[in-house]
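What the coordinates show
Given next are the chains, with one letter for each unit.
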Amino acid sequence: MTERPGRIRLVRDGQLQSEPVAIVPVTARGEGGLLGIAPHPEFASNRLFYIYYTADRNGSSVNLVERWQLSADGTSASPDKIIVDNIPVARFHNGGRLRLGPDGMLYIGTGDARNPQNSQDVNSLAGKILRVTPEGQVPEDNPFPGNPAYIIGVRNTEGFDWFDSSTLAITDHGPSGELGRSGHDEVSVASAGANLGWPPIYGCQDQEGMIPPSLSWEEAVPPGGAAIYTGDAIAQWRGSLLMGVLGASHLHRVTFEPQSPYQVQSHEVYFQNEFGRLREVVMGPDGELYVTTSNCDGRGNCPPEKDKILRITSSNP
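Note that this is a predicted model, so its numbers are computed, not measured.

Rules used throughout
Residues numbered from 1 in each chain as written. Predicted model: local features only at pLDDT ≥ 70, side-chain atom pairs only at ≥ 80, totals over all residues. Heavy atoms only, no water. Disulfide = S-S within 2.5 Å. Buried < 20%, exposed > 50% of the residue type's maximum accessible area, 1.4 Å probe, protein only. Helix = DSSP H or I, 4+ residues; strand = E, 2+ residues; numbered from the N terminus. Pairing = 2+ DSSP bridges. Salt bridge = Lys/Arg side-chain N within 4 Å of Asp/Glu carboxyl O.

To continue, consider the state of the cysteines. For the coordinates displayed, the defined rule picks out 1 disulfide. A sulfur-sulfur distance of 2.0 Å marks the disulfide that ties Cys-296 to Cys-302. When the S-S torsion is 80°, as for the bridge of Cys-296 with Cys-302, the disulfide is right-handed. Using a relative accessible area of 32% as the deciding quantity, one classes Cys-296 as partly exposed. Take Cys-302: its relative accessible area is 39%, and that puts it in the partly exposed class.

Quick look at the structure:
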């Protein structure tokens, strides 16, 4: 697991180990810092993993994705190689979510770095979901030839997961005053080459060649990480999108019409104000849902026990 000030931590048998596995030299101003982590597809044998972080370089800041290797005993880690470099950075909107797709490729969620036009510029790494090989190369079947961009028109995503091998659910933050707009966080369903429309459209607006959201909130929620529930512990959640919610402090469940996966069937609130701000949501290899709190990020009420990793095995508090 990662902590934004730059610490990579190990949780073993449910216990947080006292010493960090590594301390990454990050710039943790605003929404920057150590933001995401994901294992290599063959982590069990090669112990490689990826991190997304903000760094100072020659007096300026950059976001980058770097591959690291965990030691055999799990007590230390060292950098291996840079996978994607020079992702635009700003005080806000740095993205940072990493996911390994069902195709074994590395997907990287980036923010628009407070420049909305970056999202529509296919040659900018900002405001996108990027797709690269585990070695950092551009796959030949990417929708924009020779380009890591996979989905464009993103404002600042912190969550995405796959319904199937080619269709993703994506959570995205709506505007917070820029261009005279506010609110309208989104859940969208998209595939390779899709344009989510930021900034030409937002909320439930529509425009040719751009995908309107499947769900949008008038007031800011805003959404954190997201996962399609594939476990057995909560049968009624199977196939639903579960997303962490920060300001509104709950876990949100979204179901989609079976015959029309772009159409929302229902959406529900769980654990309202039970755990505070919820950030990352991920299915574990044990088939359980894991959720991180984000109450000590400067925007929440940090309790004495600090932030937590929750394992959700029931839909009741």
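Attention now moves to the pairing of strand β19 (residues 241-245). Most of β19 sits inside the fold, with 5 of its 5 residues counted as buried. Covered by surrounding structure in β19 are Leu-241, Met-243 and Val-245 together with Leu-242 and Gly-244, the residues of both alternating faces. Pairing geometry for strand β18 (residues 223-228) and β19, over 4 bridges, is antiparallel. Note on β19: the bridge partner recorded for Pro-223 is Val-245. Connecting the antiparallel pair β19 and strand β20 (residues 250-257) is a turn made up of 4 residues, with Ser-249 showing a positive phi of about 55°.

Now for the pattern of salt bridges. Summed over the entire model, instances satisfying the criterion amount to 20 salt bridges. Across the pair Glu-3 and Arg-9 runs a salt bridge, and its minimum N-O distance is 3.2 Å. The pair Glu-3 / Arg-9 is uniform in exposure class, with both members buried. The salt bridge involving Glu-280 is made with Arg-97; its shortest N-O contact spans 3.4 Å.

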